[in-house]
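Geometric and topological summary
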Amino acid sequence: MTDIEDLAYWINERARETLLADGTHAGMFFLRTANGVSPQLLGGTTRSEMPEALKAIAEAVEREQADGVVVVAEAWSAPIDDLPEGGAAESLHARDILLVTALDSDGTALALETSVHRLDDEHLELGQTVQTESQSIFLNSVRRLWGLPDVG
């Protein structure tokens, strides 16, 4: 396993703990630099805020000269063949997930999904974390900074 994959799995375990304890997890990203790993709030929670928040990730990667980034957030997931124009949350088959996505400057990428089952307003259960084949299209601006090809 590469360093970025180790970091992603470690962050995923901390995120699971936070979600179980607090019932929610703020959207965050973690930059890996020569000085270590620094966490930052994602800054966007709604669909309309996300383009600006994703731009901020790329700007932080460039500013901090990061060679790796891990993003963690609660998200909606749906089968690709059932993905409405409005996004996964609009699907009849939408699932609430904890998503951890990692990318490094060598192009190593990893996506981890954990199903979130909300029992009521205060209680939830987490499924097993699985590595998926999904590609982090939202990190294409970071890929370009590192000279990597876009995905998706």
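Since the structure is predicted, the reported quantities are computational estimates derived from the model, not experimental observations. (Residues numbered from 1 in each chain as written. Predicted model: local features only at pLDDT ≥ 70, side-chain atom pairs only at ≥ 80, totals over all residues. Heavy atoms only, no water.)

Section: the overall build of the chain
Assigned secondary structure in the chain consists of three helices and six strands. Listing the helices and strands of the chain from first to last along the sequence gives α-β-β-α-β-β-β-β-α. Per-residue burial over the chain gives 42% buried out of 152 residues. Within the chain, contacts between residues separated by at least 24 positions form 52% of all contacts whose residues are at least 6 apart in sequence. Summed over its atoms, the accessible surface of the chain is roughly 8900 Å², and 49% of this surface lies on carbon and sulfur atoms. (Helix = DSSP H or I, 4+ residues; strand = E, 2+ residues; numbered from the N terminus. Buried < 20%, exposed > 50% of the residue type's maximum accessible area, 1.4 Å probe, protein only. Contact = heavy atoms within 4.5 Å. Areas by Shrake-Rupley, 256 points an atom, 1.4 Å probe, with all protein chains shown as cover.)

Regarding the pairing of strand 6 (residues 124-132)
Inspection of the sheet shows strand 5 (residues 109-118) paired to strand 6 by seven bridges, in the antiparallel sense. Considered in strand 6, the bridge of Val116 is made with Leu126. Linking strand 5 to strand 6, which pair antiparallel, is a turn of five residues. (Pairing = 2+ DSSP bridges.)

Overview of the pattern of salt bridges
When charged atoms on two side chains of opposite charge get close, those side chains can pair. Counted under the stated rule, the structure contains seven salt bridges. With its nearest N and O atoms 4.0 Å apart, the salt bridge here joins Glu59 to Lys55. Of this pair, Glu59 and Lys55 are both found in helix 2 (residues 50-64), four residues apart, which corresponds to roughly one turn of the helix. Classification of Glu59 by relative accessible area gives partly exposed; the value is 38%. According to the relative accessible area criterion, Lys55 is partly exposed, its value standing at 45%. What emerges from the salt-bridge pattern is a single network uniting Glu74, Asp96 and Arg118. (Salt bridge = Lys/Arg side-chain N within 4 Å of Asp/Glu carboxyl O.)

Some details on the side chain of Asp96
Positionally, Asp96 belongs in strand 4 (residues 95-104). Assessed through its relative accessible area of 14%, Asp96 is described here as buried. At a separation of 2.8 Å, a polar atom in the side chain of Asp96 contacts the side chain of Arg118. (Polar contact = N/O pair within 3.5 Å; in protein donor to acceptor, adjacent residues only side chain to side chain.)

Here's the deal with the environment of Asp121
Within the element layout of this structure, Asp121 appears in the loop between strand 5 and strand 6. In this structure Asp121 comes out as exposed when scored by relative accessible area, which is 84%. Here the alpha-carbon distance between Asp121 and Gly23, two residues 98 residues apart in the chain, equals 8.4 Å.

Some thoughts on the nonpolar core
Ala8, Val70 and Val72 are the most contacted members of the largest nonpolar core, which has 18 residues in total. Sort the elements by how many residues they give to this core and helix 1 (residues 3-22) lands first, with six residues. Of all hydrophobic cores here, the second largest spans 17 residues; its members include Leu31, Ala58, Leu139 and Trp146. (Core = buried A, V, L, I, M, F, W, Y, C linked by side-chain atoms within 4.5 Å.)

Examining the environment of Ile97
Mapped onto the elements of the fold, Ile97 is located in strand 4. Residue classification places Ile97 among the buried positions, given a relative accessible area of 2%. The spatial distance from the C-alpha of Ile97 to the C-alpha of Ala73 is 8.4 Å, given a sequence separation of 24 residues.

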